[in-house]
Amino acid sequence: NDWKAALELVPLAIWKEEGKPHAHPVLFVHDRPSERFLANTAHLIKELGVNRITFVGEEIEFRNFASLLALPELKNVSVQNIHVNDYPSYWKMYGSTIGNADGSIIEGADGGMGYDTVVYAEDDYETALLAATYASLLNAPLVIAHGALDRLDTFEDKKTILVGSVSCPAKSANCEEMYTI
């Protein structure tokens, strides 16, 4: 299920605003990081000028990065830990983004008033990968069938775009747009 959490993050990290693409740097780590990996990551964070890091995952995974956060070059970097279940709250607050690499918030196309469209993808990596790209283009959340965000409240009163072999969720406003792959 790690791939689902990663793909569902894509539309929060890559979005389109005023016709131009924007991105928030994202680094996915699936295993316990080595000291060399942590040192290289610290260098990358410094080079990118990042002043805020958001870890996605369980608290235990977050603790694996304690030595990274203790490095002197990251002393001015603020850190937060979120879970995939927190994604909808970001969409409600910002409309389409976690924020810039420098820590500032870029509001979504709707001015941070939430979201009105959801892209709902089949539980298949290739289909969900294409759906993630489409969701980013629309500045809309991606929900993958059987993933952590596949809950009725995510779809409530939202236009839902179906990608692959999925059915219209019960509380969706409508599901008139459908794509098969």
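Everything here concerns the structure above.
What you see is a predicted model; the values in this text were computed from it and never measured.

K.L.:
Is there a simple way to think about the overall build of the chain in this case?
P.N.:
Along the chain, the regular secondary structure elements total seven helices and eight strands. Of all 181 residues assigned to the chain, the portion counted as buried reaches 43%. Excluding contacts between residues fewer than 6 apart, the proportion of contacts in the chain whose partners are at least 24 apart in sequence is 58%. About 9900 Å² of surface is accessible on the chain, with carbon and sulfur atoms providing 52% of the total.

K.L.:
So what exactly am I meant to see when it comes to the environment of Leu152 here?
P.N.:
Counting through the fold element by element, Leu152 comes out in helix 7 (residues 152–155). For the pair formed by Leu152 and Ser172, sequence separation is 20 residues and the distance between their alpha carbons is 8.2 Å. Residues contacting Leu152, with those up to four places away along its chain left out, are Ala170 and Lys171.

K.L.:
Sorry, what's going on with the pattern of salt bridges here?
P.N.:
Where side chains of opposite charge bring their charged atoms close, a pairing between them can arise. Enumeration according to the criterion identifies three salt bridges in this entry. With its nearest N and O atoms 3.1 Å apart, the salt bridge here joins Asp123 to Lys4. With a gap of 119 residues between them, Asp123 in the loop between strand 5 (117–121) and helix 6 (125–138) and Lys4 in helix 1 (residues 2–13) connect regions that are remote in the sequence. Exposure remark for Asp123: the relative accessible area of 34% places this residue in the partly exposed category. Classification of Lys4 by relative accessible area gives buried; the value is 5%.

K.L.:
Would you mind going over unusual backbone geometry with me for this structure?
P.N.:
Comment: phi is negative for the bulk of residues other than glycine, and the bulk of peptide bonds are trans. Here the phi dihedral of His146 falls at roughly 70°; this positive angle occurs in a residue that is not glycine. Locating His146 in the fold gives a position in the loop between strand 6 (142–144) and helix 7. The residue Asp157 is not glycine, and still its phi comes out positive at about 60°.

K.L.:
Honestly, the state of the cysteines in this entry has me stumped. Any pointers?
P.N.:
By definition, a disulfide links the sulfur atoms of two cysteine residues through a covalent bond. All chains considered together, the criterion is met by one disulfide. Covalently, Cys168 is tied to Cys175 through a disulfide, its sulfur atoms 2.0 Å apart. The S-S bond linking Cys168 to Cys175 shows a torsion near 70°; that makes this disulfide right-handed. Using a relative accessible area of 39% as the deciding quantity, one classes Cys168 as partly exposed.

K.L.:
Help me understand helix 6, please; the structure alone is not making it clear to me.
P.N.:
An α-helical segment advances 3.6 residues per turn. Residues three or four places apart therefore align on the same side. Relative to the 20 Å expected for 14 residues at 1.5 Å per residue, helix 6 spans 20 Å between its end C-alpha atoms, a close match to the ideal helical length. Looking at the packing, one finds that the buried side of helix 6 touches helix 1, strand 1 (14–17), strand 5, strand 6 and strand 7 (159–163). One or two steps after helix 6, the chain reaches Asn139, where phi turns positive at roughly 55°.

K.L.:
How should the sheet that holds strand 8 (residues 178–179) be read in this particular structure?
P.N.:
Each strand in a sheet pairs with another by means of backbone hydrogen bonds, the pair being arranged parallel or else antiparallel. Strand order in this open sheet of four strands is 6-5-7-8, and the pairing throughout is parallel. Edge positions in the sheet fall to strand 6 and strand 8, since each of these pairs with one other strand and no more. Both strand 5 and strand 7 contribute to a ladder of five bridges, which runs parallel. Bridge pairing in strand 7 links Thr117 to Lys159.

About the cut-offs
Residues numbered from 1 in each chain as written. Predicted model: local features only at pLDDT ≥ 70, side-chain atom pairs only at ≥ 80, totals over all residues. Heavy atoms only, no water. Helix = DSSP H or I, 4+ residues; strand = E, 2+ residues; numbered from the N terminus. Buried < 20%, exposed > 50% of the residue type's maximum accessible area, 1.4 Å probe, protein only. Contact = heavy atoms within 4.5 Å. Areas by Shrake-Rupley, 256 points an atom, 1.4 Å probe, with all protein chains shown as cover. Salt bridge = Lys/Arg side-chain N within 4 Å of Asp/Glu carboxyl O. Disulfide = S-S within 2.5 Å. Expected span 1.5 Å × (residues − 1). Pairing = 2+ DSSP bridges.

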